[in-house]
Structures are given as C-alpha cells and as structure tokens.
Amino acid sequence: MSSTLNLLFVNFILLCATTLASDPDPVQDYCLPDPKSGALRTAHLTIIPCKNSSEATTDDFVFSGMKVPGNFTDTGLAAISVNPTIFPGINTLGMSFVRADLKVGGINPPHFHPRATELAYIVQGSVYSGFVDSTNRVFARVIEQGEVMVFPRGLVHFLMNVGKKPATVFGSFNSQNPGMQKIPAAIFGSGINDKLLEKAFGLSPKQIALMRRRFR
C-alpha cells in the first residue's frame, strides 16, 4: 500500500510539473479581450472576458507597431515588447515577442525570463549572443543575419552588437507573460542589504552606493 501511495505521489508531482511548465492550452480558437465586460481581479491575475467571436476582424490579428525602432536607452538598446496588453490578438495563445535594436557597441545586459524560452532571430547585423547554464558554462558566439539562437527558460542571457552597423533582433517567447529580470538592476536596484552586497562582491560601501545610483 505504501509503495502504491508513493507511486501515485510521484505521478502527481510529475503531472503538476508538466501542467505548470508553460501557459495553459487555450479552450477556444482565440480570445480577444473585451474590456467593456469588466474584469475579474485575483491576487496575481486580471482576467478579462473574451468578446464574441462574431465581432472579431482581421485587424485584431495584425500588429503594426514594430516597423521602426523604439526609444534607445543609455546602453544602446531600444526594445518594443509585444504582449496581449498591446496586441490583443495573441491573448491566450501562449506567446509574445519583442523587437530589439542595438546601436553599434550597444548591449542588452545579462537578464533572464522566468516563465519562457526565447528564440532570437537576427534580422540584420552581427551580434555577440549567448547564455549561461546552471553550471556557469557559457554558450556564446557571434550570430549573423538570418541566424537564430535559443535561450532556455530561466537562464541568464545577453546580446552585444559587435558589427559596424546597427543590429535588429526579433525575439519570440513561448509565454504571453515571460517576465524579465535584469541582473544588475535586480542586485543593485532592489534594496538588498548593503553589507550583504559588500561581502558577496568584495565592494566597498562607496562602490555599492555608486552602483545603486546607477541602477535605481
């Protein structure tokens, strides 16, 4: 009896892990949010009912907001993230995407997406691209126009334009809400105790203060 219960418990854990591994499967062809119908808010989600499929139009499934780069940051990166909030047509389809433009020498700092694997397609340019696995092994190389690199879910990855011209990257995620946490901002812009950071990185209080000012 005990072994049977153990087997059932293991199967239950595996089932939960599989169920929670990605966005849930849709139960209809598509779900265009209908804000007019109100919203159901929970601790973690805001659920908006679908509008009647008879009201859907072709334009609901076309997004035109990625024709030109977004606004550049001081790292030389301009990113336009597309999720169901700005493109309702992908709601419940388990995907989202991003256009990233990099000036010459520009970078997308080390970061990770806790809820999605990413495919990065180089539209133009030469980009040093890579990720770090859980053993701290780096997988990185320069990828050129037309090439694709995959960043496994939850692993730190990065991009840097090493070419002589601006670069454009198209990223696709297998979640409509992949999340993103940039490593420098998470460490120095989150309010972690200064003494802990001093011991972890061998930095002085003055250096910690400098890093905090940069990433807040």
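Just so you know, these numbers come straight off a predicted model, no measurement behind them.

Participant: Help me get a handle on a nonpolar patch on the surface, residues and values and all.
Facilitator: Residues Leu119, Tyr121, Val123, Val148, Val150 and Phe170 make up a contiguous nonpolar surface patch of roughly 480 Å² in combined accessible area. Secondary-structure elements contributing two or more residues to the nonpolar patch are β6 (118–124) and β9 (148–151). Among the elements that line the nonpolar patch, the one with the most residues is β6, at three residues. Looking at where Phe170 falls in the secondary structure, it is placed in strand β11 (residues 167–173).

Participant: A description of the sheet that holds β11 should follow, citing residues and the corresponding values.
Facilitator: Strand pairing in a sheet is mediated by backbone hydrogen bonds. Such pairs are either parallel or antiparallel. One open sheet accounts for five strands, arranged β3-β4-β11-β6-β9; its pairing is antiparallel. Only two strands of the sheet have a single partner each, and these edge strands are β3 (77–82) and β9. Strand after strand, the sheet turns through a mean of 20 degrees between neighbouring axes, direction not considered. Relative to strand β4 (residues 96–102), β3 runs antiparallel, the two being bridged by six bridges. Bridged to Ile80 within β4 is Arg99.

Participant: With reference to specific residues and values, describe the sheet that holds strand β5 (residues 107–112).
Facilitator: Across the sheet, which stays open at both edges, the five strands sit in the order β8-β7-β10-β5-β12 with antiparallel pairing between neighbours. The open sheet has two edge strands with one neighbour each: β8 (138–144) and β12 (181–182). The sheet contact formed by strand β7 (residues 126–132) and β8 spans seven bridges and is antiparallel. Within β8, the residue paired with Phe131 across the bridge is Phe139.

Participant: Talk me through the layout of surface pockets; I want residue IDs and the actual numbers.
Facilitator: In this structure, the second largest pocket encloses a volume near 280 Å³. Every residue lining the second largest pocket is listed: Thr73, Asp74, Thr75, Ile107, Pro109, Lys182, Pro184, Ala185, Arg214 and Phe215. Those elements giving two or more residues to the lining of the second largest pocket turn out to be β5, α2 (183–188) and α4 (205–215). Of the residues belonging to the lining of the second largest pocket, the class tally is five nonpolar, two polar and three charged.

Participant: Describe in detail the packing of aromatic side chains, supporting the description with residues and values.
Facilitator: Counting across every chain of the model gives eight aromatic pairs. An angle of 25 degrees between the planes, with centres 5.6 Å apart, marks the rings of Phe97 and Phe170 as stacked. Highlighted residues: Phe97 in strand β4 and Phe170 in strand β11, separated in sequence by 73 residues. The class for Phe170 is partly exposed, based on a relative accessible area of 32%. When the centroid spacing of 5.1 Å and the interplanar angle of 20 degrees are considered together, the rings of Phe131 and Phe139 count as stacked. Given the relative accessible area of 29%, Phe139 is considered partly exposed. Counting every residue linked through ring pairs, the aromatic cluster contains Phe63, Phe87, Phe97 and Phe170. The lysine or arginine in question, Lys103, covers the ring of Phe72, its NZ or CZ lying 4.9 Å from the ring centre.

How each quantity is defined
Residues numbered from 1 in each chain as written. Predicted model: local features only at pLDDT ≥ 70, side-chain atom pairs only at ≥ 80, totals over all residues. Heavy atoms only, no water. Patch = residues over 30% accessible without salt bridge, like charges linked within 9 Å, V, L, I, M, F, W, Y side chains within 5 Å. Areas by Shrake-Rupley, 256 points an atom, 1.4 Å probe, with all protein chains shown as cover. Salt bridge = Lys/Arg side-chain N within 4 Å of Asp/Glu carboxyl O. Helix = DSSP H or I, 4+ residues; strand = E, 2+ residues; numbered from the N terminus. Pairing = 2+ DSSP bridges. Axes fitted to C-alpha atoms, helices over the stretch in contact; angles between N-to-C directions. 1 Å grid on protein atoms, 1.4 Å probe; cavity = no way out; pocket = protein on both sides within 12 Å on 5 of 7 lines; lining within 4 Å. Points joined across faces, edges and corners; volume = space filled by probe spheres on them. Nonpolar A, V, L, I, M, F, W, Y, C, P; charged D, E, K, R; others polar. Phe/Tyr/Trp six-rings, centres within 6.5 Å; stacked < 30°, edge-to-face > 60°. Buried < 20%, exposed > 50% of the residue type's maximum accessible area, 1.4 Å probe, protein only. Lys NZ or Arg CZ within 6 Å of the ring centre and 35° of its normal.

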